[in-house]
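# Remarks on the overall topology
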Amino acid sequence: MKITDILVKDSFSKEEIVRLLHAEGEERILLFNRSSEVKQKYIGNKVWFRGLIEFSNVCGKDCLYCGIRKGNKNLTRYNLSDDEILHAAKFAFENNYGSLALQSGEIESPAFTKRVTKLLNAIKELSGGRLGITLSVGEQKPEVYKEWFDAGAHRYLLRVESTNRELYSKIHPDNKKHDFQRRLNCLRSLQEIGYQTGTGVMIGLPFQTPEDLAGDLLFMKEFDIDMCGMGPYIEHADTPLISYAGELLPLRERFDLTLKMIAILRIMMKDINIVAATALQAIDPVGREKAVKIGANILMPNITPGRYRDSYKLYDNKPCTDDSAEDCQSCLEARVSLADAEVVYGEWGDSQHYDKRRNRKQ
Ligand code: SF4
């Protein structure tokens, strides 16, 4: 199978994706040239910001790869006050970010639901409805998703982490709280309620094969997602999966596979939003810029108050945990121009795919 024959297509078989994931040298350049061209044509050389507020690292779950899992006792837990969250939201608004993303560990409780609703209302109020809001607070009941949607959240990111059930069960505890089917049901509810719905996977997990990754991309296409946030798996010392650290691909290879996943997805789903994940920068200082060049169009400057950032480490060596929100913005802006792209301020930067998907359904 010649790479050039594959790259003229708009959709790929599993075998073709696996072939693209193995592209090296000249073939790799051809893949990235094609994905950049698609991005230019459908998205332009633009990047939109989502000011990221990691408002709590308290989590009720125990995912085996995650640094803030409930079972990790070597961690200071924090929960930002409402005032601190609204202060960060105000920063995003005043700096014309267009959107913010509220993220936390996963808590399912009436008090948590109520708190998030209250925050959404307050953020809408302080910005006169002008800040777009992405939520990423895990699996919840459909009525909870609906309540938050009605309160003003319009995008939701729920990463599936792996779409291979068997692999999913190896990286999560075997109990009802970590049920693969529930994750899929939640994603479907989000779509049905009307959210721009995003998912994503980790790349370079122990036990993961190129066929698994190809299956992940086909799942995203089949599920008709609007947004994707995927990044390299980076091991965390205080997690059970660390015992497989010796079996992992070198970090550089995980990084390169991630770029290829982004490039292939951009060709397969031309008009979705794709995040350049912070985890890329943990491996390569200009990792996010490389992702922007070959297909990503969303960056998430961290606007969580600096003193808490060190405690929201899903993986080791997370970058920028010492920066202030201002530092984060100017650094990203300079980086984006390095990638020959331009930050668009004051716009939501919604997924074009979402509108088309909704129109198709009507
Ligand atoms: S991945 Fe999410 S749900 Fe799982 S332990 Fe980490 S924060 Fe909690």
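Higher on the page you've got the structure.
The following refers to the structure shown. Predicted, not measured: the structure shown is a model, and the values here were computed from it.

### Some points on the packing of helix α4 (residues 82-94) against helix α5 (residues 110-126)
Here α4 crosses α5 at 35°, and the two axes come no closer than 10 Å. Two packed elements cross with a definite hand, and for α4 against α5 that hand is right-handed. Packed against α4, whose contacting residues are Asp 82, Ile 85, Leu 86, Ala 89, Lys 90 and Phe 93, the element α5 presents Arg 115, Lys 118, Leu 119, Ala 122, Ile 123 and Leu 126 at the interface. When its residues are assigned to classes, the contact of α4 with α5 shows 8 nonpolar, no polar and 4 charged.

### Brief notes about the environment of Arg 358
Mapped onto the elements, Arg 358 comes out in helix α15 (residues 352-361). Sequence-distant contacts of Arg 358, defined by excluding residues within four places in its chain, comprise Gln 191, Glu 192 and Gly 194.

### Section: the nonpolar core
Of all hydrophobic cores here, the largest spans 107 residues; its most connected members are Ile 53, Trp 148, Met 220 and Met 230. Ignoring any residue separated from it by four or fewer positions in sequence, one finds Trp 148 in contact with Phe 112, Thr 113, Val 116, Thr 117, Leu 120, Leu 135, Val 137, Gln 140, Ala 153, Tyr 156 and Tyr 195.

### Regarding the packing of aromatic side chains
Any pair of aromatic rings gets described here by the distance separating the centres and the angle formed by the planes. Within the structure shown, the criterion is met by 12 aromatic pairs. Ring geometry for Phe 55 versus Phe 112: centroids 6.2 Å apart, planes at 15°, classification stacked. One end of the pair, Phe 55, is in strand β2 (residues 51-56); the other, Phe 112, is in helix α5, and 57 residues separate them in sequence. A single burial state applies to Phe 55 and to Phe 112, both of which are buried.

### Remarks on the packing of helix α2 (residues 14-21) against helix α9 (residues 210-223)
Where α2 meets α9, the closest approach of the two axes is 9 Å, and the angle between their N-to-C directions is 120°. By the criterion of interaxial angle, the relationship of α2 to α9 is oblique. Seen from above, α2 lies across α9 with right-handed handedness. Where α2 approaches α9, its residues Lys 14, Ile 17, Val 18 and Leu 21 are matched on the opposing element by Pro 210, Glu 211, Leu 213, Ala 214, Gly 215, Leu 217 and Leu 218. Of the residues belonging to the contact of α2 with α9, the class tally is 8 nonpolar, 1 polar and 2 charged.

### As for the sheet that holds strand β11 (residues 298-299)
Taken together, 3 strands build an open sheet; the order of strands is β11-β1-β12 and the sheet is parallel. Both outer strands of the open sheet, β11 and β12 (342-344), are each paired with one neighbouring strand and no more. Where strand β1 (residues 46-49) meets β11, 2 bridges bridge the pair, whose relative direction is parallel. Its bridge partner being in β11, Trp 48 is matched across the sheet by Ile 298.

### Quick look at the site of the ligand
Inspection of the region around the ligand gives Cys 59, Lys 61, Cys 63, Tyr 65, Cys 66, Ile 68, Arg 69, Gly 105 and Glu 106 as its neighbouring residues. Along the lines of polarity and charge, the residues of the shell around the ligand split into 5 nonpolar, 1 polar and 3 charged.

### Describing the sheet that holds strand β5 (residues 155-157)
Reading across the sheet, the 7 strands line up as β2-β3-β4-β5-β6-β8-β10 and stay open at both edges, with parallel pairing between neighbours. In this open sheet, the two edge strands, each paired with only one partner strand, are β2 and β10 (273-274). In this structure, strand β8 (residues 227-228) lies alongside β10, joined through 2 bridges in parallel fashion. By the bridge assignment for β10, Met 227 is matched with Asn 273. Together, β2, β3 (99-104) and β4 (132-136) form the strand contacts of α5, whose direction differs from that of β4 by roughly 160°.

### Remarks on the pattern of salt bridges
Applying the stated criterion across every chain yields a total of 25 salt bridges. With a shortest N-O distance of 3.3 Å, Arg 69 and Asp 62 are connected by a salt bridge. Given the relative accessible area of 11%, Arg 69 is considered buried. Between Arg 182 and Glu 108 there is a salt bridge, with the nearest N and O atoms lying 2.9 Å from each other.

### As for helix α12 (residues 287-294)
Burial analysis of α12 places 6 of its 8 residues in the buried class, which makes it a mostly covered element. Gly 295 occupies a position one or two residues after α12 and carries a positive phi of about 155°.

### With respect to α15
For α15, every residue scored as buried is listed here: His 353, Tyr 354 and Arg 357. All buried residues of α15 fall inside an arc of 100° around its axis, so they share one side. In this fold, the buried residues of α15 make contact with α8 (180-193) and β6 (196-199).

### What to know about the environment of Lys 170
When you line up the elements, Lys 170 lands in helix α7 (residues 165-171). Residues Lys 170 and Leu 64, 106 residues apart in the sequence, show an inter-C-alpha distance of 8.4 Å. Excluding residues within four positions of it along the chain, Lys 170 makes contact with Leu 64, Phe 207 and Leu 241.

### Here we look at the side chain of Thr 117
As for its position among the elements, Thr 117 is in helix α5. Within polar-contact distance, the side chain of Thr 117 engages the backbone oxygen of Thr 113 at 2.9 Å. Here Trp 148 takes part through its side chain, which lies 3.3 Å from a polar atom of the side chain of Thr 117. Those residues within four positions of Thr 117 in sequence are excluded, and the remaining contacts are Glu 147, Trp 148 and Ala 151.

So, how was this worked out
- Residues numbered from 1 in each chain as written.
- Predicted model: local features only at pLDDT ≥ 70, side-chain atom pairs only at ≥ 80, totals over all residues.
- Heavy atoms only, no water.
- Axes fitted to C-alpha atoms, helices over the stretch in contact; angles between N-to-C directions.
- Helix = DSSP H or I, 4+ residues; strand = E, 2+ residues; numbered from the N terminus.
- Left-handed = near helix turned anticlockwise from the far one by under 90°.
- Contact = heavy atoms within 4.5 Å.
- Nonpolar A, V, L, I, M, F, W, Y, C, P; charged D, E, K, R; others polar.
- Core = buried A, V, L, I, M, F, W, Y, C linked by side-chain atoms within 4.5 Å.
- Buried < 20%, exposed > 50% of the residue type's maximum accessible area, 1.4 Å probe, protein only.
- Phe/Tyr/Trp six-rings, centres within 6.5 Å; stacked < 30°, edge-to-face > 60°.
- Parallel < 35°, antiparallel > 145°, perpendicular 65-115°, else oblique.
- Pairing = 2+ DSSP bridges.
- Near = heavy atom within 4 Å.
- Salt bridge = Lys/Arg side-chain N within 4 Å of Asp/Glu carboxyl O.
- Arc of directions from axis to C-beta.
- Polar contact = N/O pair within 3.5 Å; in protein donor to acceptor, adjacent residues only side chain to side chain.

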